[in-house]
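Listed here are the chains, written in short residue letters.
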Amino acid sequence: MLKNPYFATREDERVYNDISTSQWWFNLQQEVGDKTIVLAIMLFSDMTLVSDNGRKKAWPLYLTLGNIPKSVRYLECFRACRVLAYLPVISVVKGRNKPSWWSYCKVLIFHHCLDIILKPLKNGPMIRPFFGPNKQIYSCVPALATYGADYPEQNLLVGTK
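Residues numbered from 1 in each chain as written. Predicted model: local features only at pLDDT ≥ 70, side-chain atom pairs only at ≥ 80, totals over all residues. Heavy atoms only, no water.

### Quick notes on the overall build of the protein
Scanning the protein for helices and strands turns up 4 helices and 8 strands. When the elements of the protein are put in sequence order from the N terminus, they spell out β-β-α-β-β-β-α-β-α-β-β-α. Here the C-alpha radius of gyration of the protein, 19 Å, is well above what a compact globule of 161 residues would show, namely 15 Å. For the C-alpha atoms alone, the extent of the protein along its principal axes is close to 60 × 35 × 30 Å. Within the protein, buried positions represent 31% of all 161 residues. Surface exposure of the protein reaches about 11,400 Å², of which carbon and sulfur atoms provide 56%. Here the protein contributes 20 positive and 12 negative side-chain charges, whose respective centroids are spaced 12 Å apart. (Helix = DSSP H or I, 4+ residues; strand = E, 2+ residues; numbered from the N terminus. Rg over C-alpha atoms; globule rule 2.2 N^0.38 Å. Buried < 20%, exposed > 50% of the residue type's maximum accessible area, 1.4 Å probe, protein only. Areas by Shrake-Rupley, 256 points an atom, 1.4 Å probe, with all protein chains shown as cover. Lys, Arg positive; Asp, Glu negative; His and termini not counted. Charge placed at Lys NZ, Arg CZ, Asp CG, Glu CD.)

### A few points about the side chain of Ser20
Topologically, Ser20 is positioned in the loop between strand 2 (13-15) and helix 1 (23-32). Once you skip the residues sitting within four places of it in the chain, Ser20 turns out to touch Leu2, Pro5, Tyr6, Trp25 and Phe26. (Contact = heavy atoms within 4.5 Å.)

### Some thoughts on helix 1
Turning to helix 1, its buried residues number three or more, namely Trp25, Phe26, Leu28, Gln29 and Val32. Where helix 1 is buried, its residues contact strand 2, strand 3 (37-45) and strand 8 (137-149). Just beyond helix 1, the residue with positive phi is Gly33, at close to 100°.

### So, the pattern of salt bridges
If you walk through the whole model with that rule in mind, you get 2 salt bridges. Across the pair Arg73 and Asp18 runs a salt bridge whose closest N-O atoms are separated by 3.0 Å. Here Arg73 is found in helix 2 (residues 70-73), whereas its partner Asp18 is found in the loop between strand 2 and helix 1, with 55 residues between them in sequence. Here Lys122 ties to Asp115 by a salt bridge, and the two come within 2.4 Å at their closest N and O atoms. Using a relative accessible area of 54% as the deciding quantity, one classes Lys122 as exposed. (Salt bridge = Lys/Arg side-chain N within 4 Å of Asp/Glu carboxyl O.)

### Details of the environment of Ala143
By the secondary structure assignment, Ala143 is in strand 8. Along the backbone, Ala143 and Ala40 are 103 residues apart, and their C-alpha atoms lie at a distance of 5.5 Å. When neighbours within four sequence positions are excluded, Ala143 is seen to be in contact with Trp24, Leu28, Leu39, Ala40 and Ile41.

### Some remarks on the nonpolar core
Leu87 and Phe110 are the most contacted members of the largest nonpolar core, which totals 18 residues. Mapped onto this core, the elements with two or more residues apiece are strand 3, strand 5 (57-65), helix 3 (102-117) and strand 8. Here Leu87 is in contact with Trp59, Leu61, Phe110, Cys113, Leu114, Ile117 and Tyr147, once residues within four sequence places are set aside. Judged by nonpolar contacts, the second largest core, of 9 residues, contains Ile19, Val32, Ala40 and Ala143. (Core = buried A, V, L, I, M, F, W, Y, C linked by side-chain atoms within 4.5 Å.)

### A closer look at the environment of Ser103
Here Ser103 lies in helix 3. Exposure remark for Ser103: the relative accessible area of 32% places this residue in the partly exposed category. Along the chain, Ser103 and Leu28 lie 75 residues apart, while their C-alpha atoms are 36 Å from each other.

### Considerations on the environment of Ile137
Residue placement: Ile137 occurs in strand 8. Once residues within four sequence positions are removed from consideration, Ile137 is found in contact with Pro129, Phe130 and Phe131.

The following block contains the structure:
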């Protein structure tokens, strides 16, 4: 587990190859101090079909930490990626016309759900105690680093068609 950001270089040039090499993490680390660990929260979502006929859909929101090296972050054996929540999948019954306000309503519901889920991170960096390896307590600052989504979810996030 990475406790601090680091510089990655190739032929004397800085390389950005993971969240732990980002300038964002360096800036936040300077803001909170060297004795505090930044927990780089990475979220991603993707609508998933859960039935053979294509009618039942689920929209899981996954969470992982940028502190875990990317070489092991998404390997199933390490279980470093967890389902944080299920977002609602809202659709119109087939054969009916969508009202003009339908798209706007979907965006508002989606944003309201994210607002509830991310409420603990809204007030900026707050130092909190967390149990770490060997039952040691670390002072940590959880911070949202990334939100990954495919094109339909990106449109829903920004309210475009």
